[in-house]
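Residues per chain, in single letters:
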Amino acid sequence: LQNPNRTKKTFTAVDLSDDHKPDRPDEASRVARAGGIVEPARGLHGYAGPARVWRRHPRAGGLAVSRAFGDAQLTVAGVIADPEV
């Protein structure tokens, strides 16, 4: 937290990191280059829920993050464990 005006008791939150969401433009591009698909789950009435990473063939996965430890099934779809620093 930062307090730019020390006479008042107000604070501003500062993001220390960014979430690795599949629909973030840079993450979606990286997943697409790796051969994965980024889209919400398909339901009876269209798409539902958050964007997810899917393996193209056979269609599998549905992980709602683009970076994860231990998800070997989706490494071919672009899910990686490398952090952003």
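**Quick look at the side chain of Ser66**
- Relative to the elements of secondary structure, Ser66 occurs in the segment after β3 (60-63).
- Of note is the side chain of Ser66, whose polar atom sits 2.5 Å from the side chain of Glu27.
- Apart from residues no more than four positions distant in its own chain, Ser66 is found in contact with His20, Lys21, Pro22, Glu27, Arg30, Val31, Val53, Gly78, Val79 and Ile80.

**Looking at unusual backbone geometry**
- A cis amide bond, omega -15°, links His57 with the succeeding residue Pro58.
- Following the sequence through the fold, Pro58 ends up in the loop between β2 (46-55) and β3.

**Observations concerning the nonpolar core**
- Core analysis: the biggest nonpolar cluster contains 5 residues, these being Val31, Val53, Leu74, Ala77 and Val79.
- Discounting chain neighbours no more than four positions away, the residues touching Ala77 are Val31, Ala34, Gly36, Val53, Trp54 and Arg55.

**Structural notes on the pattern of salt bridges**
- All told, the structure shown has 8 salt bridges when counted by the stated rule.
- Residue Glu27 pairs with Arg24 through a salt bridge whose shortest N-O separation is 3.9 Å.
- With relative accessibility at 17%, the residue Arg24 sits in the buried group.
- In the salt-bridge network here, residues are joined through shared partners; they are Arg24, Asp26, Glu27, Arg30, Arg67 and Glu84.

Criteria and cut-off values
- Residues numbered from 1 in each chain as written.
- Predicted model: local features only at pLDDT ≥ 70, side-chain atom pairs only at ≥ 80, totals over all residues.
- Heavy atoms only, no water.
- Helix = DSSP H or I, 4+ residues; strand = E, 2+ residues; numbered from the N terminus.
- Polar contact = N/O pair within 3.5 Å; in protein donor to acceptor, adjacent residues only side chain to side chain.
- Contact = heavy atoms within 4.5 Å.
- Core = buried A, V, L, I, M, F, W, Y, C linked by side-chain atoms within 4.5 Å.
- Buried < 20%, exposed > 50% of the residue type's maximum accessible area, 1.4 Å probe, protein only.
- Salt bridge = Lys/Arg side-chain N within 4 Å of Asp/Glu carboxyl O.

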